[in-house]
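A look at the structure
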Amino acid sequence: MRDGFISKLKNKNMAYLHSEASRESSVRVKRVAFILLDHFSMMSFTGAVDALVTTNLMKSNTVYEVLVVAAQDRSVLSDLGIGIEADVVLSAFDLNQYQVDTLIVCGGLRVRPQPMPILRTRLKQADSQGVVLGGLWNGAYFLAEAGLLSGYQCAYHPDGRAMMAEEFLDVSVSKRSFIVDRNRLSCAGASSSLSMMIEIVRSDCGNDVACAVEEMLSCDKAIEAPDISTISVDQNGTLPEALQTALQLMKNNIEEPLLMSEIAKWVNISRRQLERLFCHHVNASPSRYYMELRLTRARQLLQQSNKPIAEVAVATGFVSISHFRNCFYQLFEMTPTQFRKLCQVGSTYE
């Protein structure tokens, strides 16, 4: 029966539910170190870190550890005047001891792009050990200055692109907001660091986890944030108007579900036409997608509220608790009670 849940919504939900047993047996830990330069962009830094920490919460089989490295003093002042206490200073940063997988230099508007001998040395050491290197805002300058962007594309803040093009002829400076070019990462400013890191998550953990992280952290980019996380399913403006209307009707009628014949009548097409539209664009029948939509709301209520399971069942249109339990189990391979306990335990790797 569970194989019947095949629409895009199923994959979105399953990103929250990788089994703990599977996770513990095959978990991969990746350590990402951020070198904070004085007056670094706080927004760039927190955006990148947020993507990694949120991935840990998604029960992914890749777990990220974050290490903060200070360029000079242990406490680093950001562009907002807020200090961040680092785990280690750059002079004492031993790559053999910390064994990082990715090393990212955090720049900012007030970070001066000028040579830093100790930073150059550490970056070259990291490159020799196969570490992935990156730069936020103008952090890519320091990679280029160390000769580590030769033959690579990089994203850079617009104000500094002319300087980069003049100073580093062997570096391809892109107008894109972020670039992932083989083992080099770069983003042009504060807002693009999140998108850059989500691409890394996509590479490490797969598209489903990356999409779940993106929806969790980017759900409020639009003027109106949807109350059910279905962004790539029904926020597509190219979908036929009848299908868009049907999807909206379903979203607006979770507690008291409509019949398929009622939905077809509302959108002024036959039930058979409605079936064809859903199968072609959503990869599921209307009734199956509607069920998944209701179970998505149930998953959110179980995860984010203390409502009794009976109330969750009623709030998502189920007339009996047993039917609700059966449907929930078919999709998630666990009962609502088991799922709530899993949420309460939380992630071991947070």
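Scroll up to find the structure this text is about.
Residues numbered from 1 in each chain as written. Predicted model: local features only at pLDDT ≥ 70, side-chain atom pairs only at ≥ 80, totals over all residues. Heavy atoms only, no water.

Further remarks concern the overall build of the protein chain. A tally of regular secondary structure across the protein chain gives 17 helices and 11 strands. The proportion of buried residues among the 350 residues of the protein chain is 51%. Look at the contacts in the protein chain between residues 6 or more apart in sequence, and 67% of them connect residues 24 or more apart. Entry remark: accessible area of the protein chain is about 16,700 Å², with carbon and sulfur atoms responsible for 49%. (Helix = DSSP H or I, 4+ residues; strand = E, 2+ residues; numbered from the N terminus. Buried < 20%, exposed > 50% of the residue type's maximum accessible area, 1.4 Å probe, protein only. Contact = heavy atoms within 4.5 Å. Areas by Shrake-Rupley, 256 points an atom, 1.4 Å probe, with all protein chains shown as cover.)

Glancing now at the environment of Lys251. Relative to the helices and strands, Lys251 is located in helix H11 (residues 241-252). For Lys251, a relative accessible area of 9% translates into the label buried.

Bringing the nonpolar core into the picture now. In terms of nonpolar packing, the biggest core is built from 35 residues, with Phe34, Leu36, Phe40, Phe45 and Met197 touching the most fellow members. Counting residues per element, the ones that place at least two in this core are strand E1 (28-36), helix H3 (42-57), strand E2 (62-70), strand E6 (102-106), strand E11 (184-187), helix H8 (192-205) and helix H9 (207-218). Per element, the largest residue contribution to this core is 7 residues, and it comes from H8. When residues no more than four places from it in sequence are discounted, the contact partners of Phe34 are Phe45, Ala48, Val49, Leu52, Val66, Leu67, Val68, Val69, Ile104 and Cys106. Of all hydrophobic cores here, the second largest spans 34 residues; its members include Val111, Tyr152, Tyr156 and Val171. (Core = buried A, V, L, I, M, F, W, Y, C linked by side-chain atoms within 4.5 Å.)

What follows is about the pairing of strand E10 (residues 178-181). Bridge analysis of E10 against E11 gives 4 bridges, and the strand direction is antiparallel. What sits directly across from Val180, in E11, is Leu185. Where E10 hands over to E11, the hairpin turn is made up of 2 residues, of which Arg182 adopts a positive phi near 55 degrees. (Pairing = 2+ DSSP bridges.)

The next subject is helix H5 (residues 117-128). In this model, H5 (12 residues) spans 17 Å end to end at C-alpha, consistent with the 16 Å of a helix rising 1.5 Å per residue. Regarding H5, the residues found buried are Leu119, Arg122, Leu123 and Ala126. Summarising the axial view, the buried residues of H5 lie within an arc of 100 degrees, below the 170-degree limit, and thus occupy one face. Exposed residues on H5 whose side chains face more than 90 degrees from its buried face are Pro117 and Ser128. Phi for Gly130, located one or two positions after H5, is positive at around 80 degrees. (Expected span 1.5 Å × (residues − 1). Arc of directions from axis to C-beta.)

Next up on the list: the packing of H3 against H8. Axis separation between H3 and H8 bottoms out at 8 Å; the angle between their running directions is 25 degrees. Between H3 and H8, the angle is such that the two are roughly parallel. In the crossing of H3 with H8, the sense of the turn from one axis to the other is right-handed. The segment H3 lies against H8, with Met43, Ser44, Gly47, Ala48, Ala51, Leu52 and Thr55 engaging Ser193, Leu194, Met197, Ile198, Val201 and Cys205. Each residue belonging to the contact of H3 with H8 can be placed in one class, and the counts come to 9 nonpolar, 4 polar and no charged. (Axes fitted to C-alpha atoms, helices over the stretch in contact; angles between N-to-C directions. Parallel < 35°, antiparallel > 145°, perpendicular 65-115°, else oblique. Left-handed = near helix turned anticlockwise from the far one by under 90°. Nonpolar A, V, L, I, M, F, W, Y, C, P; charged D, E, K, R; others polar.)

The next point concerns the sheet that holds E10. Strand order in the open sheet formed by 7 strands is E5-E2-E1-E6-E7-E11-E10, and the pairing between neighbours is mixed. Two strands in the sheet have a free side with no partner beyond their single neighbour: strand E5 (88-89) and E10. Pairing between E6 and strand E7 (residues 132-136): 5 bridges, direction parallel. In the strand pairing of E7, Ile104 is matched with Gly134. Across the face of the sheet, H8 comes into contact with E1, E2, E6, E7, E10 and E11 while running at roughly 30 degrees to E10.

Before going further, it helps to spend a moment on the side chain of Thr54. Along the chain, the position of Thr54 falls in helix H3. Separated by 2.7 Å, the side chain of Thr54 and the backbone oxygen of Asp50 make a polar contact. When residues no more than four places from it in sequence are discounted, the contact partners of Thr54 are Val213, Met216 and Leu217. (Polar contact = N/O pair within 3.5 Å; in protein donor to acceptor, adjacent residues only side chain to side chain.)

It is worth spelling out the packing of aromatic side chains at this point. Counting across every chain of the model gives 11 aromatic pairs. Seen in terms of ring centroids, Tyr141 and Phe168 are 5.7 Å apart; in terms of plane orientation they differ by 65 degrees. Their pairing is edge-to-face. Of this pair, Tyr141 sits in helix H6 (residues 140-145) while Phe168 sits in the loop between helix H7 (161-167) and strand E9 (172-174); the two residues are 27 residues apart in sequence, bridging distant segments of the chain. This pair shows no difference in class: Tyr141 is buried, exactly as Phe168 is. (Phe/Tyr/Trp six-rings, centres within 6.5 Å; stacked < 30°, edge-to-face > 60°.)

In this structure, Glu199 sits in helix H8. Not counting residues within four places of it along the chain, the set of residues in contact with Glu199 comprises Phe178 and Val180.

For the pair H8 and H9, the least separation of the axes is 7 Å and the interaxial angle reads 155 degrees. Here H9 runs roughly antiparallel to H8, going by the angle between their axes. In this structure, the crossing between H8 and H9 has a hand that is right-handed. Contacts between H8 and H9 pair Leu194, Ile198, Val201, Arg202 and Cys205 from the former with Asn207, Val209, Ala210, Cys211, Val213, Glu214, Leu217 and Ser218 from the latter. Split by residue class, the contact of H8 with H9 holds 9 nonpolar, 2 polar and 2 charged.

All quantities given are derived from atomic positions and should not be read as evidence of function.
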